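Structural characterization, general
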Amino acid sequence: MSRRSALVFIGFMGAGKTTLARQAARLLRGPEAVDSDRRLEAQWGKPIERVFDEDGEAAFRASEEALVCELLDTADGGVVSLGGGAVLSPKVQAALERHVTVLCEVSPATAWSRASGRGRPLARDRDAFAALQRDREVVYERLADAFLPEGERDQLGDALGHLTALADAPGLRLVWARSASGHYPVFVGRGALTSVPWPVAGRRICVSDETVAPLHAGSVPGLAGLVEIPAGEQHKTLVTAERVWRAFVAQGATRADHVVALGGGVVGDLAGFCAATYQRGIGVVQVPTTVVAQVDSAYGGKTGVDLPEAKNYVGAYHQPRAVVVDPELLATLPPEEHAAGYAEVVKTALIAGGALWEHVAAGHPVDDATILACARTKLAVVAGDERDDGGRQVLNLGHTVGHAIETVTGYTRLRHGEAVGLGLLAALTLSGRPELRGEVAALLAAAGLPISIEGVDPEAVAEATLRDKKRLGDAVPFVLVEAPGAVRHGQAVSGDQLRAAVAGLAG
Ligand code: NAD
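Along each chain, numbering runs from 1 in the same order as the chain's sequence is written. Totals for whole chains, interfaces and linings use every residue, but because this is a predicted model, local features are given only for residues with pLDDT of at least 70 and side-chain atom pairs only at 80 or more, for both listing and counting. No hydrogens and no water enter the side-chain calculation; it runs on all heavy atoms of the structure.

Residue burial is assigned from relative accessible area. The probe radius is 1.4 Å, only protein chains are included, and a residue is buried under 20% of its type maximum, exposed over 50%, and partly exposed in between. For helices the rule is a DSSP run of H or I covering at least 4 residues; for strands it is a run of E covering at least 2, with both sets numbered from the N terminus onward. The element strand β11 (residues 283–288) is largely enclosed, with a buried count of six among its six residues. Neither face of β11 is exposed, since Gly283, Val285 and Val287 on one face and Val284, Gln286 and Pro288 on the opposite face are all buried. A pair of strands is treated as paired once DSSP finds two or more bridges between them. Direction of pairing for strand β10 (residues 258–263) relative to β11: parallel, over a ladder of six bridges. Among the inter-strand pairings, glycine 263 is bridged to a residue of β11, identified as proline 288. The path from the first strand over the helix to the second decides the hand: if it runs clockwise while the strands point away from the viewer, the crossover is right-handed. Note that the unit made of β10, helix α12 (residues 265–277) and β11 has a crossover that is right-handed. With two bridges joining them, β11 and strand β14 (residues 322–325) adopt parallel strand pairing. Bridged to glutamine 286 within β14 is valine 323.

What follows is the structure in C-alpha cells.
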C-alpha cells in the first residue's frame, strides 16, 4: 500500500514552522511533528550554528539533504517541519512532490525580529538576510501547495481540514485568506469545483446569470437551487436583488444554507450582497467565472449594487466562506471579457511589483500562476485593511476615473475592465510616470483594450469622480504609482490635473 502524504511546513527563518507543525500534529491527534533541524542537531550532537561555524555550510547542507529526503520518503501521514534552506535541494524538492507542502509566510520585519540576535549564522546581517528571504521566497512559492499568511496560528484548527484535503487533489492550491471579520479557504486550480469536498456545510443555492448558468451550473456539485439573473452590469441593481431575495424565500432558504455566487464580478457582488442581507446574513461561496472575478472581485468581501447615480453605492462587507477558483471555467469566456480582465491583472501587478509585475510586463498571457499571484496580492492587501480605511485603497488604482467613465457612459458603452484600463492610464498620467504609462498602454493595447476614448466629456468625468464615494471632504483621494510595487493611496489631485488627465485619454 502506498504511503500517505504528510503535511510539510516550509518557510523562511522566523516563520513559525516548528510551532505551527507541533500545533497541527496535536490538532490531528497523530504522532508528534518531526522537525528536521532538531533531528540534525541530534545527529551532529551540537547546535546548527556550531555546525555552520565549525564544519561549514556545505557539510551541513549535505547531511540536511540526506536526512530530509529520508524523512520525506518514509513519512506515512503525519506532520514535518523543514529548516528554511532545506527546500533549495532539488532532491528534497522531488521528495516533496507526494506531500502537502504548506508555506508559512512571514514579513521581512517579523522574520528579522525573530531570527536575529540568536547566533543564527544566516541572520547576522540584516541586508543579507533580506536578500536571502527574497531569493528563497521564489522557491517556496513555487513549491507551496498551500499558503498560510503570518499570524494564522489561532486559525490553524479551521484551516487544517482544508489542508489535509489537498492530499487527494494534486495540482490544487490553497490560499488561507484572513481579514478582521473572517478567514476562509481559497482553492485555486483546474478541477477545483470537484477535487476537494465542498468546503462549506449546508444546502447550496446558486445565483448565476443567464449566460453562465447554462454553461457551468452543472459543474457545481450538489446544488439545492438555482436563481438566474439577467447578465450585465445594468442588472446589478436593487430591483435584481429583490428578485433574488424573493427567490431565496420561494426556495425556503434559511440561515443554515448558503449562496453559491457563480459568475463574474456582477454576480459575485450582487449575490454576495443578497447573502449579506438575506435574513441579516447567510454564507456565500464565491465561484468566479471571469478573469476580473478570478484575479480580483471574488476576494475581500466587498458586495453591493449600483444606483443610477453612481456605481457600487449600496453594499456591505461580507467575507465569503470560501472561494473556489477553477481556471477551466474561463474556457467559455469571450475574448473581449478576457481582455477586460487583463486590465485588473495589470493593476494588480502594478500594486504587487516584483515577480508578478515582471511576468506581466514581459507580456505573458494570464495563466494559472498569474491568477494565483493576483489572488494572493489582493488577499494580502485586504488582510491589512478589510474596510478600506487605509491600505486597501491601493486596490482602487485606476478605478476612480474608471468608475466615473462607466457612470457617465451609462454602464453600457465600456466593460468594467476596459474602463479600469483607461483609469490606469489616467492614474499614471497623474503620477507623472510617462514611461510607465507608455509601457502599460502597450500592454493594454496588445490585449485588445482601448487606450483612448472618443466623446467622453472630461468635465462630466471629473464631476462624476468628485461624487465618488471614497471622497473625503472636498478632495477625492487618488491612488498614484511611484513605481511597480510602490503605490500610494490618499494622494490629493486638483480638479485641473484631473481634467487634463482625462482629456489625455481622448483619441
Ligand atoms: P460580468 O460579471 O458582467 O461578466 C462579464 C460577462 O461575461 C457577462 O456577460 C457574463 O455573463 C459573462 N460570463 C461570465 N463568465 C463567463 C464564462 N465563464 N463564460 C462565458 N461568459 C461568461 O463582469 P466582470 O468583468 O466579471 O465583473 C465586473 C463587476 O465586478 C463590476 O460590477 C465591478 O464593480 C465588480 N468588481 C467588484 C470588485 C469587488 O471587490 N467586489 C472588484 C472588481 C470589480
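Now, onward.
So, on to unusual backbone geometry. Leave glycine aside and you will find that most residues have negative phi; peptide bonds, for their part, are mostly trans. Of note in the backbone geometry, arginine 29 takes a positive phi value of approximately 55° without being a glycine. Counting through the fold element by element, arginine 29 comes out in the loop between α1 (17–28) and β2 (34–35). Although it is not a glycine, arginine 280 adopts a positive phi angle of roughly 65°. Residue position: arginine 280 is located in the loop between α12 and β11.

Of all residues adjacent to the ligand, which total 27 residues, the nearest are Asp209, Glu233, Thr289, Thr290 and Thr332. A 3.5 Å cut-off defines polar contacts: any pair of N or O atoms within that distance qualifies, except that in protein one atom must be a possible hydrogen donor and the other a possible acceptor, and neighbouring residues in sequence count only when both atoms are side-chain atoms. Between the ligand and lysine 378, the relevant distance is 3.1 Å, taken from an oxygen atom to a side-chain nitrogen or oxygen of the residue. A total of 870 Å² of accessible area belongs to the ligand in isolation, and the protein chains cover 90% of it. Listing elements by their share of the shell around the ligand, those giving two or more residues are α10 (212–216), α12 and α13 (291–297). Of the residues contributing to the shell around the ligand, the split by class is eight nonpolar, ten polar and nine charged. Proximity is defined per residue: any heavy atom of the residue falling within 4 Å of a molecule or strand makes that residue near it. We get accessible surface area from the Shrake-Rupley algorithm with a probe of 1.4 Å; when it comes to residues, only the shown protein chains can shield them. Under the grouping applied here, Gly and all other residues not named as nonpolar or charged are polar, the nonpolar ones being Ala, Val, Leu, Ile, Met, Phe, Trp, Tyr, Cys and Pro and the charged ones Asp, Glu, Lys and Arg.

We now examine the environment of valine 51. Topologically, valine 51 is positioned in helix α3 (residues 48–55). Between the C-alpha atom of valine 51 and that of glycine 218, which follows or precedes it by 167 residues, the distance is 58 Å.

Okay, the side chain of aspartate 269 next. Here aspartate 269 is to be found in helix α12. Exposure remark for aspartate 269: the relative accessible area of 12% places this residue in the buried category. Once residues lying within four places of it in the same chain are set aside, the contact partners of aspartate 269 are Lys236, Lys302, Thr303, Gly304 and Asn312. Note on contacts: a residue pair is in contact if any heavy atoms of the two residues lie within 4.5 Å.

This brings us to the nonpolar core. Counting residues in each nonpolar core, the largest one holds 146 residues, and the members touching the most others are Phe9, Leu82, Leu163, Val186, Val287 and Val346. Counting residues per element, this core draws most heavily on helix α18 (residues 416–430), at nine residues. The residues contacting leucine 163, other than those within four sequence positions of it, are Leu7, Val100, Val102, Ala146, Leu156 and Leu174. In terms of nonpolar packing, the next biggest core, distinct from the first, is built from 21 residues, Ile205, Val207, Val227 and Leu270 among them. Only buried residues count toward a nonpolar core, which is a set of Ala, Val, Leu, Ile, Met, Phe, Trp, Tyr and Cys residues joined through side-chain atoms within 4.5 Å.

We now examine the packing of helix α14 (residues 335–352) against helix α19 (residues 434–446). With their axes 10 Å apart at the nearest point, α14 and α19 run at an angle of 150° to one another. Considering their axes alone, α14 and α19 lie roughly antiparallel with respect to each other. Of the two possible hands of crossing, α14 and α19 adopt the one that is right-handed. For the pair α14 and α19, the contacting residues are Tyr342, Ala343, Val346 and Leu350 in the first and Leu436, Val440, Leu443 and Leu444 in the second. Partitioned by chemical class, the residues of the contact of α14 with α19 number eight nonpolar, no polar and no charged. Here an angle of 0 to 180 degrees is reported between the N-to-C directions of two axes, which are lines fitted to C-alpha atoms, with helices fitted over the stretch in contact. Orientation is classified from the angle alone, with under 35 degrees giving roughly parallel, over 145 giving roughly antiparallel, 65 to 115 giving roughly perpendicular, and any other angle giving oblique. Handedness of a crossing is defined here by the sense of rotation of the near helix relative to the far one, left-handed for an anticlockwise turn of less than a right angle and right-handed for a clockwise turn.

With that out of the way, let us pick up the environment of glycine 85. Relative to the helices and strands, glycine 85 is located in the loop between β3 (79–81) and α5 (90–96). Taking C-alpha positions, glycine 85 is 8.5 Å from glycine 11, a pair spaced 74 residues apart along the chain. Aside from chain neighbours lying at most four places away, what touches glycine 85 is Arg61, Glu64 and Arg136.

What follows covers the packing of aromatic side chains. In this scheme Phe, Tyr and Trp rings, the latter by its six-membered ring, pair at centre separations within 6.5 Å, and the angle between planes marks the pair as stacked below 30 degrees, edge-to-face above 60, and tilted otherwise. Scanning the entire structure with this criterion turns up five aromatic pairs. Considering the side-chain rings of phenylalanine 12 and phenylalanine 129, the 4.9 Å spacing of their centres and the 55° angle between planes classify their relative orientation as tilted. Within this pair, whereas phenylalanine 12 is found in the loop between β1 (7–10) and α1, its partner phenylalanine 129 is found in helix α7 (residues 126–143), the two being separated by 117 residues in sequence. The pair phenylalanine 12 / phenylalanine 129 is uniform in exposure class, with both members buried. Centre to centre, the rings of tryptophan 112 and phenylalanine 129 are 5.1 Å apart; their planes meet at 65°, and the pair counts as edge-to-face. Taken as a pair, tryptophan 112 in helix α6 (residues 108–115) and phenylalanine 129 in helix α7 lie far apart in primary sequence, 17 residues in all.

Another aspect to go through is the sheet that holds strand β6 (residues 173–179). What the twelve strands build is an open sheet, ordered β2-β3-β1-β4-β5-β6-β7-β14-β11-β10-β8-β9; its pairing is mixed. The two strands at the open ends of the sheet, each matched to only one other strand, are β2 and β9 (223–229). Note that β2 and β3 share two bridges and pair parallel. Bridge pairing in β3 links valine 34 to valine 80. Contacts between α7 and the sheet are confined to β1, β4 (100–104), β5 (146–148) and β6, with β4 contributing the most and set at about 140° to the helix.

Taken together, the buried positions of helix α2 (residues 36–44) are Ser36, Asp37 and Leu40. Each buried residue of α2 sits inside an arc of 95° when the element is viewed along its axis, so together they form one side. The inward-facing, buried residues of α2 contact β2, α3, α4 (57–74) and β3. Count one or two residues on from α2 and you reach glycine 45, which has phi positive near 75°. Regarding the arc, it is the one traced by the directions from the helix axis to the C-beta atoms.

So far we have only geometry, and geometry alone does not tell us how the molecule works.
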